[in-house]
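For reference, the chains in residue letters:
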Protein chains: 2
Amino acid sequence: MNLDLVNKHQSTLNTAVKALHERTFFAHYPENPTPEIYGETADKEGREKYKNHLNQNFTELLQENPEAWVGQEESPYEQQSLGVKYPYFSVDTLVSRAEEAYHVWRKVKPADRAALLVETLERVKSRFFEIAYATMHTTGQAYMMSFQASGPHAADRALEAIASGYEEMSRFPEATEWEKPMGKYNIKLSKSWRAVPKGVALVIGCSTFPTWNTVPGMYASLVTGNPVIVKPHPKAVLPIAIVVAEVQKVLVEAGLPPYICQLAVDADDHLITKELAEHPKVKLIDYTGGTEFGNYIESLKGKTVFTEKTGVNSIILDSVDDLDKVANNLAFSVSLYSGQMCTAPQNFFVPETGIKVGGETVPYEEVVQKLADAVSGLVNNPKAGPHVLGAIQNPATLERVKESSTVKGKTVLSTCDFSNPMFANARTCAPVIYEVDATEKESYSRELFGPIMLIIKTRNTDQSIEIAKEMAMNYGAISCGAYTTDPTVKEKIMDEMSLAGTPVSFNLTGGIYVNQNASFSDFHVTGGNPAGNASFTNPEFVIKRFTWVGFREPSLS
Amino acid sequence: MNLDLVNKHQSTLNTAVKALHERTFFAHYPENPTPEIYGETADKEGREKYKNHLNQNFTELLQENPEAWVGQEESPYEQQSLGVKYPYFSVDTLVSRAEEAYHVWRKVKPADRAALLVETLERVKSRFFEIAYATMHTTGQAYMMSFQASGPHAADRALEAIASGYEEMSRFPEATEWEKPMGKYNIKLSKSWRAVPKGVALVIGCSTFPTWNTVPGMYASLVTGNPVIVKPHPKAVLPIAIVVAEVQKVLVEAGLPPYICQLAVDADDHLITKELAEHPKVKLIDYTGGTEFGNYIESLKGKTVFTEKTGVNSIILDSVDDLDKVANNLAFSVSLYSGQMCTAPQNFFVPETGIKVGGETVPYEEVVQKLADAVSGLVNNPKAGPHVLGAIQNPATLERVKESSTVKGKTVLSTCDFSNPMFANARTCAPVIYEVDATEKESYSRELFGPIMLIIKTRNTDQSIEIAKEMAMNYGAISCGAYTTDPTVKEKIMDEMSLAGTPVSFNLTGGIYVNQNASFSDFHVTGGNPAGNASFTNPEFVIKRFTWVGFREPSLS
């Protein structure tokens, strides 16, 4: 292996491992897309490079002999096809190439694998802007989120997985001398251990966060020695195709087969995910997406699976210092990327007796109005609305918003009409708001993916907590926001939501939102409720990808 | 909590954590039952205490209001009932008491839990001899193994689980300040994390190693904050009942409920294991035993399970320095506790062309004869045989040995007659040996629990390795012994068996055997093949018992 790479990246790795355990702020990749950091021409060049992909075959991948060229992406901003075509390979070809690559990759030492993978991220960094435009026009995210989520934030999540895998594989010695006193003599054994990778890994991507939700599993499997087949959502391929292409280039430069990391694109006339997932040689599966398919993935025998499915996220409103600030913060959270985030809040619990604001009680109705006004204000602010809301990735999400008017309750904001001044054809939708009584559980006990806010009237905060916990335990939750100035209530919320495996953000106002999870500090998903069985990146996320096997023999000394 | 306990045991814990990562020899509990270490009267008193249990109710447990007194143990040495009766509780009583205790125990800090649990082991230490006799007369183990496996070795495995759980729960900070530079201002958040125990744990014991195979899961669940229900095999209750009683005493002394660790004994007329395992409140299950029931346990939905099932362990004979030493070592391994160990070898692969001994080729037939002679020599040595073989725990094992004569092959040693001079009524059986051709896979591709040795004639060592790997991958393996003086063959065996998740002991002769796995150094079971999904004690064994949940709010500073 290339020792230069190890020297080049060892301090980055060490810093990343340290950051994992300190959990203070750490980012290796700057999130601000300014010319000062990324260069004067970076944005312009990125946009051009993105445009150059349109209506072309994507020929950067080093996977030989494609069986066809396929692609079905379309821009939510322009509602027309990107026209990008990717090489298609049968499942048998993908898996047999991965299996062959496995026996090369597993023999590369963990430290070398880690260094090589950090190098791939450095290469990806040079394409952050191109990836940003590719993300915009596949997911519908606004520009800033596209840049941050698919670029630096994803790269930091990948680095986190590399660091964690590298650390876990280095936690036990490669070899040691074992000497047991037996009284009259000692028994001496030379022992050694290998962290044996489990085999071919499959990473199934989603349509809304094509790199952010894919790279943790992808890099976690790679660093632990498993070859990876990346199967993106057919509507969001380009951002991760660029990442895979960069990984392949670095692998080949190091004298390794590109098949250590392959892109697997669905055929235009059929999806290949199930065939891949059920292949007996596929041992590891990472999945992000809907619950139904996620449950199917979890039910497969003989696989180690890591899932992020869907959840019902709650906001608990009890008492606040400044209701306007709270309403503005929550309006942003529910509007950000039009609610198409797994961390977006959906169920807002407000006691029928109102909430305390700086010692005074503000009635329930006024709280509802404040929230509605804050959402309207944000949506109708031309300097903010389009940049926060973005576009709607999937037409089915629009349908869902329309159907949500059947929720048993009172309509607060019902029109989702909203137009984007920069993209006349954009598929858009502003948040809708309904009031629901706490007794109408069937209305709010499922994820309504998209910009849908339900205000649930409860008897009191105790009931709010009880239902938020019940929802998380039964249907999953990835985030929870709570507003209280009462330490006893706060501790109760922490205790109850901890039993539901749900992280809680308290009293957020200003420029930080419940939707955001920071690499190296916030575990993303806990694995402790039905929203998913895995967590970015706790030790479990990497150690389940390999097996410790020991060897011993009498010492020669 | 009792700060004295933390002070008393912190250095033990720190030493144990260090030992986990150095993996050199470490034992906190001396394995030698000499008067110098344990006191002049320890053995005698232990035997008397054991005898005092016979035909009595076991009243030491602090679980109140038993519904009945039950017990069905009998001594394999005397083939008569022990007559010990244990309190019986319904599954609902056990689980509701555990659930209540959960909310106390989970709030005790990990360091306090760890210290308290080390204290319980110190109390158990004072009863090692009593436990040894209880183990002899339930499992049929010989005296020395009963003492070592159920006493110091089990206590060290428990300490290992405590240390590992304590370490993993301390790997991330309880709280930190997170400060993100945003250019013109910083966002400051106070963050904290809790390692949240998953809930009620069930530990299902086996009949052959009632403490050794039970305490790792039991202590791993306890240290990570989960209340435990210990469900021993109905034929091997007393050894672990003593352990549970000591745990309960320490809990109550610390002001905690005894229901944090309960003993659950089967009714005399029905087994309660399935009802316990399927109870929705039971979240964690540790299981040791047969594959069929283990597969059922693994198939239960909504549980985190840790299994040690059965495997087909291989010995690969290629080339040796001294065949007599090798044969003696292997004869011991196959005879130890009459093959009733999950690590006992069963399939001995010998090339039809013979093996190399110090450069000379020894023909296949001679190798077989050497092995048979070594077994006969051990069995017929009155100073060794009875102390190595012990007695047969289960009459079904004797039946299996008799049925093994239907193996398609040639009989080498067929009589299992063997009598124990100290116990005239002991249920005993000496090893039987059959030769099988490599083509007769159905004869050797399942575990034949008990003293059954199959010598499998292969084309060459490559085929031996190929079949040993195939057996391990398809039917599981917990150990593998290999004899080769060729470094290339050695590396091939390591590589191939590592892919089958099977540890390999090379060239063992003298006083160390393939069956033995040392705490703090040898991972017991890898989790990487069908013999089990868990490993004593790798990080996965403890971290799957709790969930990391984070909290954050704007910093007040």
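This is a predicted model, so every value here is computed, not measured. (Residues numbered from 1 in each chain as written. Chains lettered and ligands numbered in written order. Predicted model: local features only at pLDDT ≥ 70, side-chain atom pairs only at ≥ 80, totals over all residues. Heavy atoms only, no water.)

### Observations concerning the UniProt feature "domain: Aldehyde dehydrogenase" (unreviewed entry) in chain A
Here comes step 1: Within the UniProt annotation, "domain: Aldehyde dehydrogenase" (unreviewed entry) is assigned to residues 91-500 of chain A.
Here comes step 2: Taken as a whole, residues 91-500 of chain A contains 45% helix and 20% strand, while its terminal C-alpha atoms sit 38 Å from one another. (UniProt positions renumbered as here; feature names shortened; annotations may be inferred. Helix = DSSP H or I, 4+ residues; strand = E, 2+ residues; numbered from the N terminus.)

### Some thoughts on the domain arrangement of chain A
Residue and element names in this part refer to chain A.
Here comes step 1: Assigned domains within chain A: domain 1 (3-310 + 536-552) and domain 2 (314-506).
Here comes step 2: Contacts between the two partners involve 20 residues from domain 1, matched on the other side by 21 residues from domain 2.
Here comes step 3: By the criterion of area lost to domain 2, the three top residues of domain 1 are Tyr 77, Met 145 and Thr 310, representing 32% of everything that side buries.
Here comes step 4: Summed over the shared surface of domain 1 and domain 2, the number is one salt bridge.
Here comes step 5: One salt bridge connects Glu 74 with Arg 427, and the closest N-O pair in it is separated by 2.9 Å.
Here comes step 6: Inspection of the domain 1/domain 2 interface yields eight residue pairs in polar contact (both at pLDDT 80 or more). (Domains from an automatic or database assignment. Contact = heavy atoms within 4.5 Å. Buried area = accessible area lost by both parts, 1.4 Å probe. Salt bridge = Lys/Arg side-chain N within 4 Å of Asp/Glu carboxyl O. Polar contact = N/O pair within 3.5 Å; in protein donor to acceptor, adjacent residues only side chain to side chain.)

### Describing the state of the cysteines
All names here are of chain A.
Here comes step 1: Enumeration according to the criterion identifies zero disulfides over all chains in this entry.
Here comes step 2: Left without a disulfide partner, Cys 261 is nearest to the cysteine sulfur of Cys 206, which lies 17 Å away.
Here comes step 3: Judged by relative accessible area, which is 0%, Cys 261 ranks as buried. (Disulfide = S-S within 2.5 Å. Buried < 20%, exposed > 50% of the residue type's maximum accessible area, 1.4 Å probe, protein only.)

### Regarding the confidence of the model for chain A
Here comes step 1: For chain A, mean pLDDT is 96; residues scoring 70 or higher make up 99% of the total.
Here comes step 2: Taken over the whole predicted complex, pTM reads 0.97, whereas the ipTM for its chain interfaces reads 0.97. (pLDDT = per-residue confidence, 0-100.)

### Things to note about the interface of chain B and chain A
Here comes step 1: Contact residues are listed per partner, giving 70 residues for chain B and 69 residues for chain A.
Here comes step 2: Of the roughly 6,100 Å² buried where chain B meets chain A, counting both sides, 57% is carbon and sulfur surface.
Here comes step 3: Counting the surface chain B buries against chain A, the share from its top three residues, B:Phe25, B:Arg171 and B:Arg552, is 13%.
Here comes step 4: For B:Lys180, the salt bridge is made with A:Glu31, and the minimal N-O distance between the two is 2.9 Å.
Here comes step 5: For the interface between chain B and chain A, the tally reads 32 residue pairs in polar contact (both at pLDDT 80 or more).
Here comes step 6: It is strand β22 (residues 546-554) of chain B that contributes the most residues to the side of chain B that touches chain A, eight residues altogether.
Here comes step 7: In terms of residue class, the side of chain B that touches chain A is made up of 30 nonpolar, 19 polar and 21 charged. (Nonpolar A, V, L, I, M, F, W, Y, C, P; charged D, E, K, R; others polar.)

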